[in-house]
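Coordinate inspection notes
Here is what each chain is made of, one letter per residue.
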Amino acid sequence: MVTPDDVLRFWLDEVGPAGWYKTSEALDAEVRERFLAAWENAREGACGLWLTYPNGMLAYVILTDQFPRNMFRDDARAFATDQQALAAGKAAINRGWDMRVDEPARQFFYLPLMHSENLCDQERCVRLMCERMPEHGAENLTHARAHREVIRQFGRFPYRNAALARPSTASERAFESEGGYGGTLRRIMQAA
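Residues numbered from 1 in each chain as written. Predicted model: local features only at pLDDT ≥ 70, side-chain atom pairs only at ≥ 80, totals over all residues. Heavy atoms only, no water.

If you check an unreviewed UniProt entry, the chain appears there as Membrane protein from Roseovarius mucosus.

Here it is, written out as structure tokens:
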């Protein structure tokens, strides 16, 4: 049985910041092999005890927000536990548990907000990156602003449309052909 410590040891220590946002088939396969059953359990509500203390909550958020993005690239299951991760992240923030976790790991409490297709969540993510990530927040803040801009423009992330079997609008297709998220990120970086 996978424990919160197993998740944190793997993600924070073994993979670490250098691997968190890199696309790697080998890493995706390892996450699937080691944590798919735990993710399925969390999806079914079997990890409730994880939500009772800061490190358990952090592990839960990583398991339900980050790991499915590795396990299920270009598949709707990548977003299947987003609402659970968002609820856990918000609960941790409201309790001040995020501040009991050192940077850069603290960012994982905020990423469910960044992944949300809700502008209020996006605004809150930007604020939290500004206020609560003083040492490691600059790059995260840039990405938070880019995500917020996409939601401001479209109300959803067009690059999820294919995985979620959502039809794209003409403006979303144009956005994707003009660089999509990467183009938005470059514009944010140039404006800074």
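Counted at 1.5 Å a residue, the expected span for helix 9 (residues 180-191) with its 12 residues is 16 Å, and the 17 Å between its end C-alpha atoms agrees. Of all the residues in helix 9, the buried ones are G180, Y181, G183, T184 and L185. Buried residues along helix 9 sit in contact with helix 7 (137-154) and helix 8 (170-177). (Helix = DSSP H or I, 4+ residues; strand = E, 2+ residues; numbered from the N terminus. Expected span 1.5 Å × (residues − 1). Buried < 20%, exposed > 50% of the residue type's maximum accessible area, 1.4 Å probe, protein only. Contact = heavy atoms within 4.5 Å.)

By the element assignment, Q66 lies in helix 3 (residues 54-71). Side-chain polar atoms of Q66 contact the side chain of D65, separated by 2.9 Å. Ignoring anything within four residues of it in the chain, the contact list for Q66 reads W11, Y21, V61, F108, L111 and H115. (Polar contact = N/O pair within 3.5 Å; in protein donor to acceptor, adjacent residues only side chain to side chain.)

Tracing the backbone through its elements, the reader meets E172 in helix 8. On the basis of relative accessibility, which here comes to 2%, the residue E172 falls in the buried class. Of note is the side chain of E172, whose polar atom sits 2.7 Å from the side chain of R156. Contacts of E172, omitting those with residues within four sequence positions, involve F154, R156, P158, N161 and P167.

By domain assignment, the chain separates into domain 1 (1-97) and domain 2 (115-191). Between domain 1 and domain 2, the C-alpha centre-to-centre distance is 21 Å. At the interface, 12 residues of domain 1 touch 9 residues of domain 2. For domain 1, the biggest contributors to the area lost against domain 2 are F79, K90 and I93; these three give 47% of the whole. Across the contact surface, domain 1 and domain 2 share 2 salt bridges. In this structure, the salt-bridge partner of D82 is R160, at a minimum N-O distance of 3.9 Å. (Domains from an automatic or database assignment. Buried area = accessible area lost by both parts, 1.4 Å probe. Salt bridge = Lys/Arg side-chain N within 4 Å of Asp/Glu carboxyl O.)

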